[in-house]
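Structure at a glance
The residues making up each chain are set out below.
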Amino acid sequence: MESTQLAQQVTWLDEQHRRDRSELATLQQRVESQNTQILELSRKLQEAEGRLASTSAQLTRFSQV
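Along every chain, residues carry numbers that run from 1 in the direction the sequence is written. The predicted origin of the model limits local features to residues at a pLDDT of at least 70 and limits the giving and counting of side-chain atom pairs to 80 or more, whereas totals for whole chains, interfaces and linings rest on all residues. The basis for every side-chain value is the complete set of heavy atoms in the structure, and neither hydrogens nor water enter the calculation.

Regarding the overall build of the protein
- Numbering of helices and strands runs from the N terminus; a helix is a DSSP stretch of H or I covering at least four residues, while a strand is a stretch of E covering at least two. A tally of regular secondary structure across the protein gives one helix and zero strands.
- Taken over C-alpha atoms, the radius of gyration is set against a globule rule of 2.2 Å times the number of residues to the power 0.38. Compactness check: the protein gives a C-alpha radius of gyration of 28 Å against a globular reference of 11 Å for 65 residues, more than 25% above the reference.
- C-alpha atoms of the protein, sized along the principal axes, occupy 95 × 15 × 5 Å.
- Using a 1.4 Å probe on the protein chains alone, a residue whose accessible area is under 20% of its type maximum counts as buried, one over 50% counts as exposed, and one in between counts as partly exposed. For the protein, the residues scored as buried account for 0% of the 65 residues in total.
- The centroid of the 8 positive side-chain charges in the protein is displaced by 12 Å from the centroid of its 9 negative side-chain charges. Only four residue types enter the charge count, namely Lys and Arg as positive and Asp and Glu as negative; His and the chain termini do not. By convention, charge coordinates are those of NZ in Lys, CZ in Arg, CG in Asp, or CD in Glu.

Observations regarding the pattern of salt bridges
- Only one rule defines a salt bridge in this text: a Lys or Arg side-chain nitrogen within 4 Å of an Asp or Glu carboxyl oxygen. Scanning all chains against the criterion turns up four salt bridges.
- For arginine 18, the salt bridge identified is with glutamate 15, shortest N-O distance 3.6 Å. One end of the pair, arginine 18, and the other, glutamate 15, are both in helix α1 (residues 3-64), three residues apart, so they sit about a helical turn from each other.
- Its relative accessible area of 49% is what places arginine 18 among the partly exposed residues.
- For glutamate 15, a relative accessible area of 31% corresponds to the partly exposed category.

Here it is as structure tokens:
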């Protein structure tokens, strides 16, 4: 293989490597964002479950009256 061809191949591989790193960084940001959303939804679900339990307890007391 000629040195020109090797240089072109190395240049191409470097560009591919840069693209891969950029895509990995983008995907990592998406994962972090989704983890944040999951934590927020989990917190909201726990709050809703607490309100539901409270409402159910109140309904039980109303039916006794």
